[in-house]
Amino acid sequence: VQRKFMSAEYDVLEVEEDLAAYYSQVQTRKVSLIERADQLATTKMQIQDEEQLLADQTVKLQDKELQLNVAQADAKTQERDIEIIYQQVLRRREVLQEARPDMQRRRAELEQKKQELARLAEQVEDEERAAEERRQRAQEQAVALRRQQEKEAAALMAQEEQRHQEHLSLMRQQQQQQQELQK
């Protein structure tokens, strides 16, 4: 009985150790996902800085275009200066036109990374929730198993006690019979 009870205790310990190992793996995965999220956040900040730089360039270009409009109003007296400014504006506009597809691509990448961050966060929450549910189920199973084995052990001990009492009773009867025979 004691051996069976110890075996049951060992089974419960194994279940708890397996649960602890799985929980450790989930925590390691969580740390990895958090590190990846930090990297993506850093990349997002870099892209935002680049977008700000492009926005600043756009503002500068708009300022130059405004200067061009003002200069064109006085075209007769400043025609040569207007031509120079106009050429500068055209060059800058070309640069901006070339940069626009890149900016759009970076915005698309940023949006994709935002979605990836959201998916990662949701995945971390799902894994944590699933791990907690598995841990609770395993604990409940371990408690139920321990109670069942304790009941079985108690029943076996009761059976042993009953057998012992029956044996004692039988021995007493034999002694009485022998005493009666001797008389």
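Before any of the text, the structure's been laid out above.
The structure presented is a predicted model; accordingly, all values stated were derived computationally and were not measured.

Engineer: What exactly am I supposed to notice about the overall build of the chain here?
Structural biologist: If you tally the helices and strands in the chain, you get two helices and zero strands. In summary, the chain has a C-alpha radius of gyration of 42 Å against a globular reference of 16 Å for 183 residues, an excess of more than 25%. Each of the three principal axes of the chain carries a C-alpha extent, and together these read 155 × 20 × 15 Å. Relative to its full complement of 183 residues, the chain shows a buried share of 14%. Pairs at least 24 apart in sequence give 86% of the contacts found in the chain among residues at least 6 apart. Carbon and sulfur atoms make up 49% of the accessible area of the chain, which totals about 14,500 Å². Averaging the positions of the 30 positive and the 38 negative side-chain charges in the chain gives two centres separated by 2 Å.

Engineer: Looking at this model, I keep getting lost on the environment of arginine 134. Mind explaining?
Structural biologist: Tracing the backbone through its elements, the reader meets arginine 134 in helix α2 (residues 75-182). According to the relative accessible area criterion, arginine 134 is partly exposed, its value standing at 31%. For the pair formed by arginine 134 and alanine 154, sequence separation is 20 residues and the distance between their alpha carbons is 30 Å. Leaving out residues up to four positions away in the same chain, arginine 134 has contacts with Leu19 and Tyr22.

Engineer: Teacher, can you tell me more about a negative patch on the surface here?
Structural biologist: On the surface, a cluster of negative charge is made up of Asp11, Glu14, Glu17 and Asp18. If you trace the backbone, glutamate 17 turns up in helix α1 (residues 2-73). Judged by relative accessible area, which is 53%, glutamate 17 ranks as exposed.

Engineer: Explain the pattern of salt bridges to me, please; I cannot follow it from the model alone.
Structural biologist: For the structure shown, the criterion picks out 13 salt bridges. Lysine 30 is the partner of glutamate 128 in a salt bridge, and the nearest nitrogen-oxygen pair spans 2.6 Å. Of the two residues, glutamate 128 sits in helix α2 while lysine 30 sits in helix α1, which places them 98 residues apart along the sequence. On the basis of relative accessible area, lysine 30 is assigned to the partly exposed category, the value being 25%. Between aspartate 102 and arginine 106 there is a salt bridge; the shortest N-O distance is 3.2 Å.

Engineer: Any chance you could explain the side chain of glutamate 51 here in plain terms?
Structural biologist: Considering the arrangement of structural elements, one finds glutamate 51 in helix α1. Among the polar contacts listed, one links the side chain of glutamate 51 to the side chain of arginine 107, at a separation of 3.5 Å. With residues near it in sequence (within four places) discarded, glutamate 51 still touches Arg107 and Leu110.

So, how was this worked out
Residues numbered from 1 in each chain as written. Predicted model: local features only at pLDDT ≥ 70, side-chain atom pairs only at ≥ 80, totals over all residues. Heavy atoms only, no water. Helix = DSSP H or I, 4+ residues; strand = E, 2+ residues; numbered from the N terminus. Rg over C-alpha atoms; globule rule 2.2 N^0.38 Å. Buried < 20%, exposed > 50% of the residue type's maximum accessible area, 1.4 Å probe, protein only. Contact = heavy atoms within 4.5 Å. Areas by Shrake-Rupley, 256 points an atom, 1.4 Å probe, with all protein chains shown as cover. Lys, Arg positive; Asp, Glu negative; His and termini not counted. Charge placed at Lys NZ, Arg CZ, Asp CG, Glu CD. Patch = residues over 30% accessible without salt bridge, like charges linked within 9 Å, V, L, I, M, F, W, Y side chains within 5 Å. Salt bridge = Lys/Arg side-chain N within 4 Å of Asp/Glu carboxyl O. Polar contact = N/O pair within 3.5 Å; in protein donor to acceptor, adjacent residues only side chain to side chain.

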